[in-house]
Every structure is written in structure tokens, then in C-alpha cells.
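Structural features, examined
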Amino acid sequence: MPEAIKQKIVIFGAFGAGKTTLIKTIDPESTHIEANCAGGTTTVALDFGRVELDGRHLHLYGTPGQERFEFAREIIAKGMDGAVLLVDAGSPVDEFTRHLYSSLTAAKVPFVVILNKCEAEGPVPAGIAAEFGTTPVWIVSALDRKQCLDALRRFAGTLPVRTNGSSRSR
Ligand SMILES: Nc1nc2c(ncn2[C@@H]2O[C@H](COP(=O)(O)OP(=O)(O)OP(=O)(O)O)[C@@H](O)[C@H]2O)c(=O)[nH]1
Ligand SMILES: [Mg+2]
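The present account deals with the structure reproduced in this document. (Residues numbered from 1 in each chain as written. Chains lettered and ligands numbered in written order. Predicted model: local features only at pLDDT ≥ 70, side-chain atom pairs only at ≥ 80, totals over all residues. Heavy atoms only, no water.)

1. Focus on the coordination of the magnesium ion (ligand 2)
We apply this condition: Each metal site is built from N, O and S donor atoms within 2.8 Å (3.2 Å for Na, K and Ca), and since water is not included, such sites may look incomplete. Each helix is a run of DSSP H or I of at least 4 residues and each strand a run of E of at least 2, with the numbering of both proceeding from the N terminus. Any residue under 20% of the maximum accessible area for its type is buried, any over 50% is exposed, and the rest in between are partly exposed; the area is computed with a 1.4 Å probe on protein chains only.
Only Thr20 (OG1) and Thr43 (OG1) from the protein coordinate the magnesium ion (ligand 2), and they sit 2.0 to 2.1 Å from it. Taken together, the residues threonine 20 in helix H1 (residues 19-26) and threonine 43 in strand S3 (residues 40-53) connect sequence positions 23 residues apart. No difference in accessibility class separates threonine 20 from threonine 43, as the two residues are buried.

Encoded structure:
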């Protein structure tokens with residue numbers, strides 16, 4: 001029997017961008033390590049969820065958005081097949097999001113930018129699209145499961161399938 005395709009996708013984004021929400025929406029049985037903070041909760045370690053789409057078993061890892069957790073992001077990123085940079089479309093693009101974008105570009109990992117909190121669907125605002133060069137930019141609300149699954153399916157479909165022994169040493 002052919003081995004199942006497994007892919008590790010890591011979700012990056014600034015504090016409060018909606019990474020944990022996205023993973024909870026996609027996988028209601030996902031696991032989250034969070035702490036209370038002003039106005040809600042914040043990830044202090046990671047999120048982990050799974051979903052099977054078009055025969056691919058996707059393992060989704062959410063990272064902490066607070067800058068001081070860089071060490072955790074580095075550990076979680078190891079061996080990723082692809083990444084998502086989640087951006088809160090309701091605020092101007094901040095310095096930390098730009099830093100994450102540069103780091104992912106430098107790592108040469110396949111990634112997409114997903115603009116979140118877009119309950120009203122529409123075109124990607126030109127000012128935001130311009131921030132991310134030629135990287136694909138998509139629009140979702142992390143509260144909408146169908147939108148999240150569609151975005152993930154389209155992205156996962158572009159990722160190369162690893163064969164046994166391929167290196168994932170990033
Ligand atoms: N309206 C709306 N609110 C959202 C959406 N996605 C997330 N939120 C809210 O945004 C807040 C932050 O969401 P989280 O999922 O905790 O954000 P995070 O990126 O995991 O945050 P950190 O772990 O602290 O970096 C919560 O109050 C969510 O309910 C969305 O698509 N629409
Ligand atoms: Mg979180």
C-alpha cells in the first residue's frame with residue numbers, strides 16, 4: 001500500500017492575528033497551550049491540529065505571536081513543508097509581520113500570506129498586497145471553516161510531496 005502523504009504546515013503571524021482560531025476552526029479537536037492575557041488568551045507554546053484534505057494528512061502547527069517566543073518559533077519551524085503567514089487585515093501591517101515575511105522568504109520555504117478577519121469578502125487591498133511582493137495573498141475569516149479549508153487545500157496542493165529520505169532539515 002502506498003504510504004500516506006503527511007505534510008507539516010506552520011502558521012506564523014503577529015500577536016492576535018488569529019492563528020489559534022484558524023487551527024481550532026479547522027480541527028475542533030486540536031490542542032492549544034495558552035495563557036490568559038488582557039482581553040483573552042495568548043499562545044505560549046504551540047497549537048497543534050490535523051486535517052485530511054485530498055488524501056494529504058496535514059499537520060498544522062500554530063506558533064506564539066509574541067516576539068519574545070522566538071525560540072519556540074524556531075523549534076516549531078523545524079522540518080516544515082510549508083508555512084502560512086497570517087495577517088490581521090483590520091490593522092496596518094506591523095514591523096513584526098514584516099520580519100516574519102523576510103524570515104520565511106530567506107528560508108526559501110513555500111508559503112502564502114492569508115489575510116484574516118475578513119468577514120466581508122472582497123479583493124485584497126492594494127496597500128496590503130504590495131507589502132508581500134509576489135507571494136500569493138488570500139482572504140479569509142478564521143471563523144469560517146469552509147474558507148479556511150479552501151485556502152489550506154489550495155496551498156497544500158502546491159507543496160511538493162516528500163519521498164522517504166528527502167531532507168527536511170530547515
Ligand atoms: N472577527 C474576527 N475575530 C477573529 C478572527 N480570527 C480571530 N479572531 C479573534 O481575534 C482574537 C485573537 O485570536 P487568536 O486566535 O487567539 O490569535 P493568535 O494569533 O493565536 O494570538 P497569539 O497566540 O497571542 O499570537 C480572538 O479574540 C479571536 O476570537 C476572525 O476571522 N474574525
Ligand atoms: Mg495563538
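2. A few points about the site of ligand 1
Counted only if it meets this: In these notes, residues near a molecule or strand are those with any non-hydrogen atom within 4 Å of it. Any pair of N or O atoms that falls within 3.5 Å is considered a polar contact. Within protein, one atom must be able to donate a hydrogen and the other to accept it, and sequence-neighbouring residues count only if both atoms are side-chain atoms. The Shrake-Rupley method, run with a 1.4 Å probe sphere, supplies the accessible areas, and residue values consider only the shown protein chains as cover. Here the nonpolar group is Ala, Val, Leu, Ile, Met, Phe, Trp, Tyr, Cys and Pro; Asp, Glu, Lys and Arg are the charged ones; every other residue, Gly included, is treated as polar.
Taken together, 17 residues sit near ligand 1, with Gly18, Lys19, Thr21, Thr42 and Glu119 positioned nearest. At a separation of 3.1 Å, an oxygen atom of ligand 1 approaches a polar backbone atom of alanine 17. At 3.1 Å from an oxygen atom of ligand 1 is found a side-chain nitrogen or oxygen belonging to lysine 117. For ligand 1, whose free accessible area comes to 660 Å², the fraction covered by protein is 76%. Elements with a minimum of two residues in the shell around ligand 1: H1 and S3. Ranked by residue count, the leading element in the shell around ligand 1 is H1, at three residues. Broken down by class, the residue content of the shell around ligand 1 amounts to five nonpolar, nine polar and three charged.

3. Remarks on the packing of aromatic side chains
For clarity, the cut-off: Stacked, tilted and edge-to-face are the three classes assigned to paired rings of Phe, Tyr and Trp, where Trp is represented by its six-membered ring and a pair needs centres within 6.5 Å; plane angles under 30 degrees give stacked, over 60 edge-to-face, the rest tilted. For a ring to carry a charge above it, either NZ of a lysine or CZ of an arginine must fall within 6 Å of the ring centroid while also lying within 35 degrees of the normal to the ring plane.
All chains considered together, the criterion is met by four aromatic pairs. Ring plane angle 50° and centroid distance 4.9 Å describe the contact between phenylalanine 48 and tyrosine 61, whose orientation is recorded as tilted. You can see phenylalanine 48 sitting in strand S3 and its partner tyrosine 61 sitting in strand S4 (residues 56-62), a full 13 residues away along the chain. Ring geometry for tyrosine 101 against phenylalanine 132: centres 5.3 Å apart, planes inclined by 70°, an arrangement best described as edge-to-face. Here the residue tyrosine 101 occupies a position in helix H3 (residues 95-107), and phenylalanine 132 occupies one in the loop between helix H4 (126-129) and strand S7 (137-139), the gap between them amounting to 31 residues. Each residue in the set Tyr101, Phe111 and Phe132 is aromatic and connected to the rest through ring pairs, giving one cluster. Here lysine 8 stacks its cationic end above the ring of tyrosine 61, 4.8 Å away from the centre of that ring. The lysine or arginine in question, arginine 154, covers the ring of tryptophan 138, its NZ or CZ lying 4.2 Å from the ring centre.

4. Regarding the pairing of strand S6 (residues 111-116)
Threshold: Here a strand pair is declared whenever DSSP counts at least two bridges between the two strands. Here the term right-handed applies to a crossover when the path leading from its first strand over the helix to its second strand runs clockwise, the strands being oriented away from the viewer.
By the criterion of burial, S6 is predominantly enclosed, with six of the six residues buried. Side chains of S6 alternate between two faces, with Phe111, Val113 and Leu115 and Val112, Ile114 and Asn116 buried alike. Bridge analysis of strand S5 (residues 82-88) against S6 gives six bridges, and the strand direction is parallel. Opposite valine 84, over in S6, you have valine 112 as the bridge partner. What joins S5 to S6 is H3, and the crossover it makes is right-handed. With three bridges connecting them, S6 and S7 associate as parallel partners. Residue pairing across strands places valine 113 opposite valine 137, the latter belonging to S7.

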